[in-house]
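A look at the structure
Chain by chain, the residues run as shown.
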Amino acid sequence: VIRLPSPHCRGGWLIFTRIDPTNRDTSMIVHTRPGWAELRDYLTGQDRAGGHARAVAYVCTMSENVYAQEMWRLLDPKGRLIPPQHLASRVVSVSAQEKKSMTRATGGTPLPRQLCVVLDDRTAVWEEAMQAHILAVAPFMPYATDTGPGLGGEVSGSGGVMGAALSMLSTLRIKLFFQFEKFAEFHAANPRLPFVPPPRPHQRQRRPQIPAGPGATTTTGTGTTTTAAIATTTITTTITTATTTAATVAAGGTGAGRGAGT
């Protein structure tokens with residue numbers, strides 16, 4: 001594995017790797033999205049004293065499992081978001097004919113849907129029950145095309161796509177803990193009464209969309225469309241196939257193999 005700073009945009013990386021070291025036909029060039037390292041450190045808690053994780057991450061993808069696990073190793077090389085011993089159970093591949101679901105993504109682990117958030121650049125691939133929990137982000141276009149700006153439209157920091165996702169997740173997490181504190185205060189004063197959360201200002205809200213261009217100011221959070229499971233949040237992300245230009249959302253990386261002409 002060779003890692004080099006991206007010559008296309010500040011904050012991104014180029015990774016040269018082979019899924020099978022003995023087979024040159026499995027050679028790949030992988031682009032990581034600017035801001036991914038900061039988002040990963042936020043989710044794992046590496047950005048604060050104590051290093052306690054803010055989220056539990058699962059990957060649900062339509063890519064082949066061997067490819068998906070290799071991409072995740074490149075995106076999380078120290079195994080802080082998904083430990084190596086849990087890769088097989090927390091990086092899950094589904095068929096193109098199958099709708100993604102939390103049950104499939106978590107291997108049947110019982111998690112409250114209300115405490116789960118999905119980061120993905122495609123919403124139609126998810127079951128209807130998860131639609132309200134999707135934080136849709138703009139697809140990662142590592143190469144300029146007639147429909148996308150390529151890496152020139154990506155920036156690191158709070159103005160980028162990953163920075164906006166981090167901000168939204170943080171906001172969501174803060175709101176969840178604020179509501180939990182209200183519940184705790186109410187329950188302490190009224191242990192026998194049911195807690196009724198305040199009504200939402202709008203019955204139906206538009207799903208937050210993170211724009212692709214620089215200067216995106218949308219806010220979201222592990223806590224924002226992030227389903228924070230009281231102390232932790234469950235994040236499900238997606239890795240796209242090597243031959244597509246759209247890359248993974250939370251994972252923020254795309255790969256292109258020799259067969260894809262790179």
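For the structure, see preceding data.
Here goes a summary of the coordinates provided. From a predicted model like this one, the values you see are computed outputs, not experimental measurements.

Rules used in this analysis
Residues numbered from 1 in each chain as written. Predicted model: local features only at pLDDT ≥ 70, side-chain atom pairs only at ≥ 80, totals over all residues. Heavy atoms only, no water. Helix = DSSP H or I, 4+ residues; strand = E, 2+ residues; numbered from the N terminus. Buried < 20%, exposed > 50% of the residue type's maximum accessible area, 1.4 Å probe, protein only. Contact = heavy atoms within 4.5 Å. Areas by Shrake-Rupley, 256 points an atom, 1.4 Å probe, with all protein chains shown as cover. Phe/Tyr/Trp six-rings, centres within 6.5 Å; stacked < 30°, edge-to-face > 60°. Lys NZ or Arg CZ within 6 Å of the ring centre and 35° of its normal. Pairing = 2+ DSSP bridges. Patch = residues over 30% accessible without salt bridge, like charges linked within 9 Å, V, L, I, M, F, W, Y side chains within 5 Å. Salt bridge = Lys/Arg side-chain N within 4 Å of Asp/Glu carboxyl O.

**Focus: the overall build of the chain**
- Check the secondary structure of the chain and you find 5 helices and 11 strands.
- In the chain, which comprises 262 residues, the share counted as buried stands at 45%.
- Contacts in the chain between residues far apart in sequence, at least 24 positions, make up 68% of those at least 6 positions apart.
- Looking at the chain as shown, the accessible area adds up to about 13,300 Å², and 56% of this sits on carbon and sulfur atoms.

**Observations regarding the packing of aromatic side chains**
- Enumeration over the complete set of coordinates arrives at 1 aromatic pair.
- Residues Trp 36 and Trp 72 carry aromatic rings whose centres are separated by 6.0 Å and whose planes lie at 65° to one another, so their mutual orientation is edge-to-face. Taken together, the residues span a long stretch of sequence, with Trp 36 in helix 1 (residues 36–44) and Trp 72 in helix 2 (residues 65–75) at a distance of 36 residues.
- Note on Trp 36: relative accessible area 3%, which makes it buried.
- A cation sits over an aromatic face here: Arg 90 above Tyr 58, 5.3 Å from the ring centre.

**Describing the pairing of strand 3 (residues 27–32)**
- Most of strand 3 is tucked away, with 5 of its 6 residues classed as buried.
- Bridge count between strand 2 (residues 13–18) and strand 3: 6 bridges; the pairing is antiparallel. From the neighbouring strand, Arg 18 faces strand 3, where its bridge partner is Ser 27.

**Side note on helix 2**
- Among the 11 residues in helix 2, 8 count as buried, and that is most of the element.
- Tyr 67, Ala 68, Gln 69, Glu 70, Met 71, Trp 72, Leu 74 and Leu 75 are the residues of helix 2 that are buried.

**A word on a nonpolar patch on the surface**
- Side chains of Ile 2, Leu 4 and Phe 16 sit close together on the surface and give an oily, nonpolar patch of about 260 Å² of accessible area.
- Position of Phe 16 among the secondary structure elements: in strand 2.
- Residue class for Phe 16 comes out partly exposed when judged on its relative accessible area of 31%.

**Looking at the pattern of salt bridges**
- Evaluated as defined, the whole model comprises 5 salt bridges.
- Among the ionic pairs, Arg 54 bridges to Asp 47, the shortest N-O distance being 2.7 Å.
- On the accessibility criterion, Arg 54 (10% relative accessible area) is buried.
- In this structure Asp 47 comes out as partly exposed when scored by relative accessible area, which is 46%.

**Some thoughts on the environment of Met 130**
- Mapped onto the elements of the fold, Met 130 is located in the loop between strand 6 (116–120) and strand 7 (134–137).
- When the C-alpha atoms of Met 130 and Cys 116 are compared, they prove to be 8.9 Å apart, with 14 residues separating the residues in sequence.
- Among all residues touching Met 130, those that are not within four sequence positions of it are Met 102, Arg 113, Cys 116 and Val 118.

**What about the environment of Met 102?**
- Along the chain, the position of Met 102 falls in helix 4 (residues 102–105).
- Taking the C-alpha atoms as reference points, Met 102 and Tyr 58, 44 residues apart in sequence, are found 9.3 Å from one another.

**Re the pairing of strand 2**
- Inspection of the sheet shows strand 1 (residues 2–5) paired to strand 2 by 4 bridges, in the antiparallel sense. From the neighbouring strand, Pro 5 faces strand 2, where its bridge partner is Trp 13.

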